Amino acid sequence: EKHISETLLQEQINANNIEISDLDVMQAVKDIQKRNEMTAEQFEQAISQQGMDLEQYKKIVREQLLKLRVIDLKVKSKINVSDNQVMSEYRKYQKERENRYSVRAQHILIKLPIDADNTIIQEKLVFANSILQQLHQGKSFKEMAAQYSEDPNGESGGDLGEFSTGDLFPEFDSVLSRLKVNEISHPIRTAVGFHIVKINEKTYEQPVPFEQMKLMLYQKIYEQMVESEMNGWLEKLKQKSNIKRFM
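Criteria and cut-off values
Residues numbered from 1 in each chain as written. Predicted model: local features only at pLDDT ≥ 70, side-chain atom pairs only at ≥ 80, totals over all residues. Heavy atoms only, no water. Helix = DSSP H or I, 4+ residues; strand = E, 2+ residues; numbered from the N terminus. Expected span 1.5 Å × (residues − 1). Buried < 20%, exposed > 50% of the residue type's maximum accessible area, 1.4 Å probe, protein only. Arc of directions from axis to C-beta. Contact = heavy atoms within 4.5 Å. Pairing = 2+ DSSP bridges. Axes fitted to C-alpha atoms, helices over the stretch in contact; angles between N-to-C directions. Phe/Tyr/Trp six-rings, centres within 6.5 Å; stacked < 30°, edge-to-face > 60°. Lys NZ or Arg CZ within 6 Å of the ring centre and 35° of its normal.

Enquirer: Explain helix H2 (residues 22-35) here, please?
Expert: With 14 residues, H2 ought to run about 20 Å at 1.5 Å a step, and its terminal C-alpha atoms sit 20 Å apart, in line with that. Residues of H2 that are buried: Val-25, Ala-28, Val-29, Ile-32 and Gln-33. Buried residues of H2, viewed axially, fall in a sector of 140°; they line one side. For H2, exposure combined with an orientation more than 90 degrees from the buried face picks out Leu-23, Lys-34 and Arg-35. Looking at the buried positions of H2, the neighbouring elements they touch are helix H3 (40-49) and helix H4 (54-74). Positive backbone phi, approximately 50°, marks Glu-37, located one or two places after H2.

This is how it looks when you write it as structure tokens:
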């Protein structure tokens, strides 16, 4: 597939009489050298370690520049990202993050065996609810975690530190999103067991102003459109080409 694409690009380079000057090649080589913070001597030594001399390297650079030039001509020149597209992407981004938050929390974990049957699951849930009842009656969460939690952090009061939406168990998100500071969750079942979680701090993510995100969103949309246009262009070339595809 890659070989076919390379061949198609070369055909387009030839068909459109695209050329790259020696000056353009040398400037590209100097730019690469500058980005790598190398002297001319260091750069030639690095090339030599790859089994090439400078002339061979310049030939590779020329080939890459030719491909980029034909892609600019046939693909990128047709891309136009509108303000409406950028704004639509911004609204989508904000919608996805409007309920994101970070919290500081602690938990009590009652583990479930991997092969737990319904009887064991119910027993563990009843036990977790008995702990929750004691917490509602005023028992210290830290002390209850140290006494009952089966997570190693139980000794430190079950401290989970600070985390954001999606950082821990997916089952946490819908429950913790509704909890306020100092509130305690019902037992939340995850793959490892039942968790009783207390929220100590909660901060909702602040919206990022459009102007701060505009360039990043433009670039994201532009790259997606280039990829889509490129794939479509190559597919059309394959259909018109004489290249035989062997499966």
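What follows continues from the structure just given.
Enquirer: Which parts of the structure should I look at to understand the sheet that holds strand S3 (residues 188-189)?
Expert: Sheets are built from strands that pair by backbone hydrogen bonding, the pairs being arranged parallel or antiparallel. Pairing is antiparallel across the open sheet formed by four strands, whose spatial order is S2-S1-S4-S3. Both edges of this open sheet fall to strand S2 (159-164) and S3, since each of them pairs with a single strand only. Relative to strand S4 (residues 193-204), helix H6 (residues 118-136) is tilted by about 40°, and along the sheet it contacts strand S1 (101-111), S3 and S4. Those strands touched by helix H7 (residues 141-148) are S1 and S4, and its axis lies near 40° from that of S1.

Enquirer: Explain helix H1 (residues 2-15) to me, please; I cannot follow it from the model alone.
Expert: For an α-helix, 3.6 residues make a turn, and residues three or four places apart therefore share a direction. If you check H1, its first and last C-alpha atoms are 20 Å apart, about what 14 residues at 1.5 Å a residue would give, namely 20 Å. Residue Asn-17 follows H1 closely and has a positive phi angle near 50°.

Enquirer: What is the right way to look at the packing of aromatic side chains in this model?
Expert: Two aromatic rings are characterised by how far apart their centres lie and by the angle between their planes. Tallying each qualifying case throughout the model produces six aromatic pairs. Plain terms: the ring middles of Tyr-218 and Tyr-222 are 6.2 Å apart, the flat faces sit at 10° to each other, and that makes the pair stacked. Taken together, the positions of Tyr-218 and Tyr-222, both in helix H9 (residues 210-240) and four residues apart, correspond to about one turn of that helix. We note Lys-202 situated over the ring of Tyr-101; from NZ or CZ to the ring centre the distance is 5.0 Å.

All quantities given are derived from atomic positions and should not be read as evidence of function.
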